[in-house]
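# Structural description and commentary
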Amino acid sequence: MFNWITGVIASFGYFGIAGLMLLENVFPPIPSELIMPLAGYMAAQGKFSLIGLIVAGTIGSVLGALLWYWIGLKIGIKRLCHLSSRHGRWIGITPRDITRTKKWFDKHGWVGVFFGRMLPGVRTLISVPAGMARMPFVPFLAYTTLGSALWTALLTVAGYLLGKQYSEVASWVNPVSTGVIVVLVLLYAYRVITWKPLRDDDEPSGATPARES
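Residues numbered from 1 in each chain as written. Predicted model: local features only at pLDDT ≥ 70, side-chain atom pairs only at ≥ 80, totals over all residues. Heavy atoms only, no water.

The name an unreviewed UniProt entry assigns to the protein chain is DedA family protein, from the organism Thioclava electrotropha. UniProt annotates the protein chain under Subcellular location (unreviewed entry) with the comment "Cell membrane". (UniProt positions renumbered as here; feature names shortened; annotations may be inferred.)

### Let's talk about a positive patch on the surface
A contiguous patch of positive charge on the surface is contributed by Arg 96, Arg 100, Lys 103 and Lys 107. Mapped onto the fold, Lys 103 is located in helix α5 (residues 95–116). (Patch = residues over 30% accessible without salt bridge, like charges linked within 9 Å, V, L, I, M, F, W, Y side chains within 5 Å. Areas by Shrake-Rupley, 256 points an atom, 1.4 Å probe, with all protein chains shown as cover. Salt bridge = Lys/Arg side-chain N within 4 Å of Asp/Glu carboxyl O. Lys, Arg positive; Asp, Glu negative; His and termini not counted. Charge placed at Lys NZ, Arg CZ, Asp CG, Glu CD. Helix = DSSP H or I, 4+ residues; strand = E, 2+ residues; numbered from the N terminus.)

### Some details on unusual backbone geometry
The backbone of Arg 134 shows a phi angle near 55°, a positive value even though the residue is not glycine. Inspection of the secondary structure assignment puts Arg 134 in the loop between α6 (127–132) and α7 (137–162).

### Points about the UniProt feature "transmembrane region" (unreviewed entry) in the protein chain
When the UniProt feature table is mapped onto this chain, "transmembrane region" (unreviewed entry) is found at residues 6–27, 48–71, 109–128, 140–163 and 169–190. Each end of residues 6–27 is marked by a C-alpha atom, and these two atoms are 18 Å apart; helix forms 95% of the span and strand 0%. Structurally, residues 48–71 comprises 92% helix and 0% strand, and the distance from its first C-alpha atom to its last is 34 Å.

### Structural notes on the packing of aromatic side chains
This structure, assessed with the given rule, holds five aromatic pairs. With 6.0 Å between their ring centres and 55° between their planes, Tyr 69 and Phe 137 make a pair best called tilted. In this pair, Tyr 69 is assigned in helix α3 (residues 50–75) and Phe 137 in helix α7, connecting sequence segments 68 residues apart. By relative accessible area, Tyr 69 is classed as buried at 6%. Its relative accessible area of 42% is what places Phe 137 among the partly exposed residues. (Phe/Tyr/Trp six-rings, centres within 6.5 Å; stacked < 30°, edge-to-face > 60°. Buried < 20%, exposed > 50% of the residue type's maximum accessible area, 1.4 Å probe, protein only.)

### Observations regarding a nonpolar patch on the surface
A cluster of nonpolar residues, Val 26, Phe 27, Leu 67 and Trp 70, forms a patch on the protein surface that exposes about 380 Å² of accessible area. Structurally, Leu 67 is set in helix α3.

Set out below in structure tokens:
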């Protein structure tokens, strides 16, 4: 993985960094925890500008987030409510959960977007509920850019300062990412096991009554 990332950066420079960070948001197995510290190390060698790397990485990260935001817009709240009313056990959410999430995003969506962009295991997915909740585009773009820039800068500067030990950044961040994923999987499993379909009078207005047993 290191050799492949190094080859892309060496061949395409800042465009390679932007492309890798875009892919990292679309295909998480390509982790930013490897890309940006390596780029920072190369900046310490005088091959790149530290600021240029942070800008390129941020642009790629934001472009990837915009793709997921668009997907969220296309799915929409109504479609998700329909799916959850029919297949709620496997989706892990009810129409009422969706309604509550929509209300939370209407008031505090910037919190989830801004901090979510800096949380391993969540940063790729946070744009989807923002899109489904139809969070206004300009605030979404602003907070996504700020959160992405801070995360990218942190990783890049860490690689710059650590020098040849830049790979240590991944070993510090990976346990956090793994922990977040494990917690999410456990929460999903708990919702599936304890699932109880809502009664008709519990359904939020406009939702199709659940049919699952």
